[in-house]
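Examining the three-dimensional arrangement
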Amino acid sequence: MLGETDLETLLESLHPVVRDGDYVYALWPHGKALEGDVEAAVREAEGLTVVLRREEADRLGLAYDFVAAWITLQIHSALEAVGLTAAVSAALTHAGISCNVLAGFHHDHLLVPVAEVGRAMDVLQLLSRGIVLRTERPEDRDEILELTARAFSVSPVTGQPVEGTPMEVGLLKSLFECDEYIPELSIVAEIGGDIVGHAISTRGWIGDLELVALGPIGVVPTLQRRGIGSALMRESAARATAAGEPGIALLGSPLYYPRFGYVPATSLGVQPPQAAWGEHFQLLPLPAWPDGVRGTFRYAAPFDRV
Ligand SMILES: CC(C)(COP(=O)(O)OP(=O)(O)OC[C@H]1O[C@@H](n2cnc3c(N)ncnc32)[C@H](O)[C@@H]1OP(=O)(O)O)[C@@H](O)C(=O)NCCC(=O)NCCS
């Protein structure tokens with residue numbers, strides 16, 4: 001059977017599947033006959049590299065550092081297919097996930113750090129639908145502001161159409177310029193080079209404790225309810241966690257954000273900047289969340305002007 005060569009078809013039908021177990025790369029001892037259950041091997045002038053299950057490496061007494069999850073792209077890709085590997089590794093690189101690619105006769109295989117497999121699968125599922133998440137670049141800003149104007153043309157608070165430019169546009173403009181802006185926490189979702197979603201998180205405080213506040217987040221109205229907002233929420237949390245941030249605060253619907261782990265801030269001893277916000281002011285505690293936090297949350301300066 002001939003493999004699939006059209007890149008778009010390949011991306012649409014990636015079908016990533018995680019293989020059971022953990023895998024490692026190891027150097028095979030020089031001069032020793034190959035034995036055991038080796039999944040892949042590469043011979044180089046310097047020696048033989050083998051990829052095998054972690055417990056098999058342990059049984060054979062092989063040393064390793066990198067412990068990986070193994071993802072198989074179930075599409076039967078022609079070996080000559082141009083661009084599949086590049087598209088997959090570019091999307092994973094944008095997400096800050098390192099990846100080793102092995103090409104078999106039938107499929108491509110990705111070895112990603114075991115702790116990143118959930119995020120890698122999210123990235124691949126989005127890529128199958130043509131969606132890439134990446135850090136905002138300054139030249140994206142006009143497009144992001146336009147997208148924000150469209151996303152907030154109906155007020156999320158009243159459900160009524162907004163007259164003129166929604167206030168989130170001016171807020172976002174100021175957030176791009178302020179001291180509390182954190183470049184890697186301004187994230188866009190892109191389809192075919194068009195920006196279709198954006199989420200920003202900026203510096204905020206509870207007393208002396210630095211954390212971040214998420215918002216505004218917006219997705220173009222025509223593409224809402226297809227998982228793009230959820231992907232931006234998960235990516236924001238993953239990046240904030242990786243940066244060692246203790247938590248993320250936001251003002252938003254108690255029906256939407258708890259699915260990402262947000263809880264009413266007051267349940268963690270944190271008061272909203274305005275008492276009337278009540279349960280709408282929410283917090284996601286991250287692994288670095290310290291014990292004994294008490295106080296009132298303070299947003300970046302531009303929020304004081306809206
Ligand atoms: C909120 C927003 C970013 C979500 O993005 P999205 O891509 O549409 O979201 P997803 O497809 O990942 O998730 C859709 C789910 O969220 C729910 N949802 C989205 N916004 C919601 C809200 N304000 N209240 C309750 N539920 C909401 C949908 O009902 C849907 O639920 P379901 O899967 O159970 O049917 C997007 O709808 C948007 O831009 N809205 C206008 C701007 C806005 O309100 N921003 C948030 C306030 S800062």
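A quick note: this is a predicted structure, and the numbers were derived from the prediction, not measured.

**Quick word on the environment of glycine 252**
Position of glycine 252 relative to the elements: it lies in the loop between strand E12 (247-251) and strand E13 (263-264). Overall, the relative accessible area of 14% leaves glycine 252 in the buried class. Distance in space between the C-alpha atoms of glycine 252 and proline 216 is 9.8 Å, their sequence separation being 36 residues.

**Considering the site of the ligand**
For the ligand, the set of nearby residues contains 18 residues, the closest of which are Val219, Arg225, Gly227, Gly229 and Ser230. Arginine 226 places a polar main-chain atom, nitrogen or oxygen, 3.0 Å from an oxygen atom of the ligand. Here an oxygen atom of the ligand and a backbone polar atom of glycine 227 are 2.7 Å apart. For the ligand, whose accessible area on its own is 880 Å², the fraction buried by protein is 71%. Every element with two or more residues in the shell around the ligand is listed here: strand E11 (209-219) and helix H7 (228-242). Of the residues assigned to the shell around the ligand, the class counts are 9 nonpolar, 6 polar and 3 charged.

**Examining H7**
The terminal C-alpha atoms of H7 lie 21 Å apart, and with 15 residues this matches the ideal 21 Å at 1.5 Å per residue to within 8%. Burial analysis of H7 places 12 of its 15 residues in the buried class, which makes it a mostly covered element. Residues of H7 that are buried: Ile228, Gly229, Ser230, Ala231, Leu232, Met233, Glu235, Ser236, Ala237, Ala238, Arg239 and Ala240. Of the residues one or two after H7, glycine 244 is the one with positive phi, at around 80°.

**Re the domain arrangement of the protein chain**
Domains assigned within the protein chain are domain 1 (7-129) and domain 2 (134-304). For domain 1 and domain 2, the distance between their C-alpha centres works out to 34 Å. Between domain 1 and domain 2, the residue contacts involve 6 residues of the former and 8 residues of the latter. Roughly 560 Å² of surface becomes buried between domain 1 and domain 2 when both sides are summed, with 47% attributable to carbon and sulfur atoms. By the criterion of area lost to domain 2, the three top residues of domain 1 are His94, Arg119 and Arg129, representing 66% of everything that side buries. Across the contact surface, domain 1 and domain 2 share 2 salt bridges. Arginine 234 is the salt-bridge partner of aspartate 122, the closest N and O atoms lying 3.1 Å from each other. Where domain 1 packs against domain 2, one counts 4 residue pairs in polar contact (both at pLDDT 80 or more). Among the elements that make up the side of domain 1 that touches domain 2, the one with the highest residue count is helix H4 (residues 117-128) (3 residues).

Parameters and conventions
Once a new chain begins, its residue numbering starts again from 1 and follows that chain's sequence as written. Per-residue local features are limited, in this predicted model, to residues with pLDDT of at least 70; the limit for side-chain atom pairs, both in listing and counting, is 80 or more; totals at the level of whole chains, interfaces and linings are taken over all residues. Here the side-chain values reflect all heavy atoms present in the structure, with hydrogen atoms and water set aside. Under the scheme used here, helices are H or I runs from DSSP no shorter than 4 residues and strands are E runs no shorter than 2 residues, and both carry numbers assigned from the N terminus. Partly exposed residues are those whose accessible area sits between 20% and 50% of the maximum for their type, while under 20% is buried and over 50% is exposed, using a 1.4 Å probe and protein chains only. A molecule or strand has a residue near it when one of that residue's heavy atoms lies within 4 Å. A 3.5 Å cut-off defines polar contacts: any pair of N or O atoms within that distance qualifies, except that in protein one atom must be a possible hydrogen donor and the other a possible acceptor, and neighbouring residues in sequence count only when both atoms are side-chain atoms. Here the open area of atoms and residues is found with the Shrake-Rupley method and a 1.4 Å probe, where only the protein chains shown may cover a residue. For this scheme, ten residues count as nonpolar: Ala, Val, Leu, Ile, Met, Phe, Trp, Tyr, Cys and Pro. Four count as charged, namely Asp, Glu, Lys and Arg, and the remainder, Gly too, count as polar. For a helix, the expected span equals 1.5 Å multiplied by the residue count minus one. Domain start and stop points were drawn from an automatic or database domain assignment. Here a residue-residue contact requires only that any non-hydrogen atoms of the pair lie within 4.5 Å. Here the quantity called buried area is the total loss of accessible area, with a 1.4 Å probe, experienced by two parts when brought into contact, counted for both. Between Lys or Arg on one side and Asp or Glu on the other, a salt bridge is scored when a side-chain nitrogen of the former is within 4 Å of a carboxyl oxygen of the latter.

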